[in-house]
Amino acid sequence: MGKFNLDFYRGKKVLVTGHTGFKGTWLCCLLLGAGAEVTGYSLEPPTDPALFSLAGMDRQMDSVTGDVRDLEKLKALFDRTKPEIVLHLAAQPIVRESYRDPVYTYETNVMGTVNILECIRLTDSVKSFLNVTTDKVYHNREWEWGYRETDPLDGFDPYSNSKSCSELVTHSYRNSFFADGRTAISTARAGNVIGGGDFAADRIIPDCIRAALEKKPVPVRNPHSTRPFQHVLEPLYAYLMIAAAQYEDGRFAGYYNVGPGDEDCVTTGELVDLFCRAWGEGQTWENHFTGGPHEASFLKLDCSRLRQVFGWKPVWGIREAVEKTVEWTKAWQAGEDVNLVMDRQIRDFMEKL
C-alpha cells in the first residue's frame, strides 16, 4: 500500500457517522491513535455484545447518539463541532434486513446521505468528505471481471440499491454545490470486511464465531458465493488516505473501489474452511443453502484506480485476515483488554505497510 502518515490527522477535527458500529469503532481507534479530535454521531451500538462498548470508546471521544434521518439534530452537531473532515459510515448495512424493512433501509441510506451533505453545504469548516458505500452498488452481471468505477450503478436488493442511490446523491451534491472546490468529495466502494469484534447477524464470520463458541458446526447459507473479503483495517486505512489526500489537493477527489487482490476473492465456503483451520478445536461447517432472498453469487472489484493513484495494495491476505480475527476473538474470550488487542493489531498492520 502506498504509505501516508497518519500524523496528518493530529489535531484535526473529524466527524464519523456510524461510529458505534464494527467498522466505525475500528476507524475511531485509528483516528484517536493518530491524535485526531473525534466526534461520532450514530445510533446506539447495533449488536450485543458490541465492540464499541467492549473497547470503552465512549470515554475516549465525543460520542453523540442520534439518527442520520434527523436533519435538525445533525445540523446542531455540525454547528457545535465545526468538523474539518467528515467520514460517513452510518447505514443499514445488511442485505437480508433490507428485504425485511426496505423503507427504513432507504430512509437511512439515502436520506441520511442527503442530510449529511446538506449539513456540509451549510458548514464552511468542512474541507474533506468521504461517503463509504459498498461493492454492491454496481449493476451485477455475475461475470468474472472486476467492476470499475465507471460501470453502471444499479444494486439489485434494497440495501445495494439504496447504496447506489447514496452514490448518486453524492454525485449530484458534488456537481451542484461543491464545484468550486471548497469541499473535496469522494466515495469509497468497499468489499466485505472481517475482523475482531464483529457481532452482526447475517454475516459469515460472526456466524462462524458464534458457532465455534457454542462448539457447533457453522451454518453456511451460500457456500459457493464469491466475495471480495478483506480485513477491516485495509479499507479504513484507504479511507483515511483518500480523505487526507483530497483535503490537501482536491484533484484526488473522486470514486474509488477498495478491495482485496484477485487471489483473495474467495467463496464463502473457502473462507469458512480458513476460519475452521485458524480456530482449531476440530471446528467444522455445514451447508445450509435454502435459496432465500436474492443475493449476488459472484462479485469482484477492479481496484486499479486506487493502486494507480495512491500506489495502494492490500497488506494482509485473506488467510492473515482470518487469523487476526480469530486472534482477537480468543483474546477477548480470555478476558484480555480489547483496546490493547486492537492497538497491537493496528501496530502490526502499520509496521507491515
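Residues numbered from 1 in each chain as written. Predicted model: local features only at pLDDT ≥ 70, side-chain atom pairs only at ≥ 80, totals over all residues. Heavy atoms only, no water.

Asks: When you look at the overall build of the protein chain in this model, what are you seeing that I'm missing?
Replies: For the protein chain, the helix and strand inventory stands at 12 helices and 12 strands. Here the C-alpha radius of gyration of the protein chain, 19 Å, is about what a compact globule of 353 residues would show, namely 20 Å. Expressed as lengths along the three principal axes of its C-alpha atoms, the size of the protein chain is roughly 60 × 45 × 40 Å. With 353 residues in all, the protein chain has 59% of them scored as buried. Considering only residue pairs separated by 6 or more positions, the protein chain has 81% of its internal contacts joining residues 24 or more positions apart. Carbon and sulfur atoms form 50% of the exposed surface of the protein chain, whose accessible area is close to 14,400 Å². (Helix = DSSP H or I, 4+ residues; strand = E, 2+ residues; numbered from the N terminus. Rg over C-alpha atoms; globule rule 2.2 N^0.38 Å. Buried < 20%, exposed > 50% of the residue type's maximum accessible area, 1.4 Å probe, protein only. Contact = heavy atoms within 4.5 Å. Areas by Shrake-Rupley, 256 points an atom, 1.4 Å probe, with all protein chains shown as cover.)

Asks: Just checking my understanding: could you explain the pairing of strand β5 (residues 128–132) for this structure?
Replies: Look at any regular strand and the pattern is simple: side chains alternate between the two faces of the sheet. For β5, the buried fraction is high: five of the five residues fall into the buried class. Side-chain alternation along β5 places Ser128, Leu130 and Val132 on one buried face and Phe129 and Asn131 on a second face that is also buried. Strand direction decides the pairing type here: strand β4 (residues 85–88) and β5, joined by four bridges, are parallel. Across the sheet, residue Leu87 finds its bridge partner in β5, namely Leu130. As defined by bridge partners, β5 adjoins strand β6 (residues 184–190) across five bridges and the pair is classed as parallel. Counted as the bridge partner of Phe129 is Ile185 from β6. (Pairing = 2+ DSSP bridges.)

Asks: Looking at this structure, how should I read the sheet that holds strand β7 (residues 192–194)?
Replies: Strand pairing in a sheet is mediated by backbone hydrogen bonds. Such pairs are either parallel or antiparallel. Sheet architecture is open: three strands sit in the order β7-β9-β11, paired in mixed fashion. A single partner strand is all that each edge strand has here, and the edge strands are β7 and β11 (265–267). Sheet twist, expressed as the average angle between the axes of neighbouring strands with direction ignored, equals 50 degrees. Strand direction decides the pairing type here: strand β9 (residues 226–231) and β11, joined by three bridges, are antiparallel. Note that in β11 the partner of Arg227 across the bridge is Val266. (Axes fitted to C-alpha atoms, helices over the stretch in contact; angles between N-to-C directions.)

Asks: What is the right way to read unusual backbone geometry from this model?
Replies: Most peptide bonds are trans, and most residues other than glycine sit at a negative phi. Looking along the chain, the bond that leaves Asp48 and enters Pro49 is cis, with omega of 5 degrees. By secondary structure assignment, the location of Pro49 is in the loop between β2 (37–42) and α2 (51–54). Of note in the backbone geometry, Glu281 takes a positive phi value of approximately 55 degrees without being a glycine. Residue position: Glu281 is located in the loop between α9 (268–279) and β12 (285–287). Given the relative accessible area of 56%, Glu281 is considered exposed.

Asks: Would you mind going over the packing of helix α7 (residues 204–213) against helix α11 (residues 318–333) with me for this structure?
Replies: Geometrically, a packed helix pair is captured by the angle between its two axes and the distance between the axes. Taken N-terminus to C-terminus, the directions of α7 and α11 make an angle of 40 degrees; their axes are 12 Å apart at the nearest point. Compared by their axis directions, α7 and α11 come out oblique. Judged by the twist between their axes, the crossing of α7 over α11 is right-handed. Across the interface between the two elements, Ile205, Ile209 and Leu213 from α7 touch Thr325, Thr329, Trp332 and Gln333 from α11. (Parallel < 35°, antiparallel > 145°, perpendicular 65-115°, else oblique. Left-handed = near helix turned anticlockwise from the far one by under 90°.)

Asks: Explanation requested: the sheet that holds strand β1 (residues 13–17) in the structure shown.
Replies: Sheet architecture is open: seven strands sit in the order β3-β2-β1-β4-β5-β6-β10, paired in parallel fashion. Of all strands in the sheet, those bounded by a partner on one side alone are β3 (62–65) and β10 (255–258). Each strand axis lies, on average, 15 degrees off the axis of its neighbour in the sheet, ignoring direction. Where helix α6 (residues 158–177) meets the sheet, its contacts fall on β5, β6 and β10, and the angle it forms with β6 comes to roughly 165 degrees. Of the strands in this sheet, β4, β5, β6 and β10 touch helix α8 (residues 233–248), which is tilted by about 150 degrees from β5.

Asks: Sorry, what's going on with the state of the cysteines here?
Replies: Here, the word disulfide means a covalent bond between the sulfur atoms of two cysteines. Under the criterion given, the structure shown has zero disulfides. Note on Cys276: no disulfide assigned, nearest cysteine sulfur contributed by Cys208 at a separation of 6.2 Å. Judged by its relative accessible area of 9%, Cys276 falls in the buried class. (Disulfide = S-S within 2.5 Å.)

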